Amino acid sequence: MIYESRDVAATTVARPRLLPWSNLDGNPCYLVTDDTGTGRLSRLADEIEAIQLGMADDLLGHTVDLLGDTRATAPQLRYLAACLAEALHDVHRIARSRGARLHVSDGDEEDADAVPEGGRGN
């Protein structure tokens, strides 16, 4: 007699989670864990993402102020652009990480590649 496990955890393949930090070489770090997302590293990653998103939001406020200042110097604007690029990198990584963790049902996979009306070049 062959016994087949009906344990969902045993049949579910966990997707690696893109973490909001890189290793010392600048390569992405991933976490493979259960689907609950309640582990210690998952919670730490959630906290880091919240901090990064908050910092990006604060930076947008500073950006509006600096761009509204007619006395802003070129070095100030270059520094602002560098900070914005770093924040955009962080927010993009968070979006990719969260998007990769979204569950897509079998019927929705074909629709995921479809371009909505008004998209791409319209």
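A few words now on the overall build of the protein chain. Along the backbone of the protein chain there are four helices and two strands. The order of α-helices and β-strands along the protein chain, N terminus first, is α-β-β-α-α-α. Within the protein chain, the fraction of its 122 residues that count as buried is 19%. In the protein chain, of all internal contacts separated by at least 6 residues, the share reaching a separation of at least 24 is 53%. Within the structure as shown, the protein chain displays about 9900 Å² of accessible surface, and the carbon and sulfur contribution to it stands at 56%.

The next point concerns the packing of helix α2 (residues 40-68) against helix α3 (residues 74-100). Contact geometry of α2 with α3 gives a least axis separation of 10 Å together with a crossing angle of 145°. In the crossing of α2 with α3, the sense of the turn from one axis to the other is left-handed. Along the contact surface, α2 presents E49, Q52, L53, A56, L59, T63, L66 and L67, while α3 presents Q76, L77, L80, C83, L84, A87, D90, V91, I94, S97 and R98. For the contact of α2 with α3, the class distribution of residues is 12 nonpolar, four polar and three charged.

Applying the stated criterion to the full structure yields five salt bridges. Across the pair R17 and D46 runs a salt bridge, and its minimum N-O distance is 2.8 Å. Taken together, the residues span a long stretch of sequence, with R17 in strand β1 (residues 17-22) and D46 in helix α2 at a distance of 29 residues. Here E49 ties to R101 by a salt bridge, and the two come within 3.8 Å at their closest N and O atoms.

Here E47 lies in helix α2. Judged by relative accessible area, which is 49%, E47 ranks as partly exposed. Separated by 27 residues in the primary sequence, E47 and P20 have C-alpha atoms spaced 9.7 Å apart.

This paragraph deals with the side chain of R93. Mapping R93 onto the fold places it in helix α3. As a buried residue without a salt bridge, R93 has its nearest oppositely charged side chain in D90, at a separation of 5.4 Å. Here the side chain of R93 touches L19 through a polar contact of 3.4 Å, landing on its backbone oxygen. The residues touching R93, leaving out its near neighbours within four places in the chain, are L18, L19, P20, W21, S22 and P28.

What follows covers the pairing of β1. Relative to strand β2 (residues 28-31), β1 is paired through three bridges, and the arrangement is antiparallel. Note on β2: the bridge partner recorded for R17 is L31. Linkage of β1 to β2, two consecutive antiparallel strands, is achieved through a turn of five residues, within which G26 is found at a positive phi near 85°.

Take the confidence of the model for the protein chain next. Here the protein chain averages 81 in pLDDT, while 73% of its residues score no lower than 70. Contacts from residues 7-11, a stretch scored under 50 in pLDDT, to residues over four places away or in other chains number one contact. In this model, residues 118-122 is a region of pLDDT below 50 whose contacts with residues beyond four sequence positions or in other chains number one contact.

Rules used in this analysis
Residues numbered from 1 in each chain as written. Predicted model: local features only at pLDDT ≥ 70, side-chain atom pairs only at ≥ 80, totals over all residues. Heavy atoms only, no water. Helix = DSSP H or I, 4+ residues; strand = E, 2+ residues; numbered from the N terminus. Buried < 20%, exposed > 50% of the residue type's maximum accessible area, 1.4 Å probe, protein only. Contact = heavy atoms within 4.5 Å. Areas by Shrake-Rupley, 256 points an atom, 1.4 Å probe, with all protein chains shown as cover. Axes fitted to C-alpha atoms, helices over the stretch in contact; angles between N-to-C directions. Left-handed = near helix turned anticlockwise from the far one by under 90°. Nonpolar A, V, L, I, M, F, W, Y, C, P; charged D, E, K, R; others polar. Salt bridge = Lys/Arg side-chain N within 4 Å of Asp/Glu carboxyl O. Lys, Arg positive; Asp, Glu negative; His and termini not counted. Polar contact = N/O pair within 3.5 Å; in protein donor to acceptor, adjacent residues only side chain to side chain. Pairing = 2+ DSSP bridges. pLDDT = per-residue confidence, 0-100.

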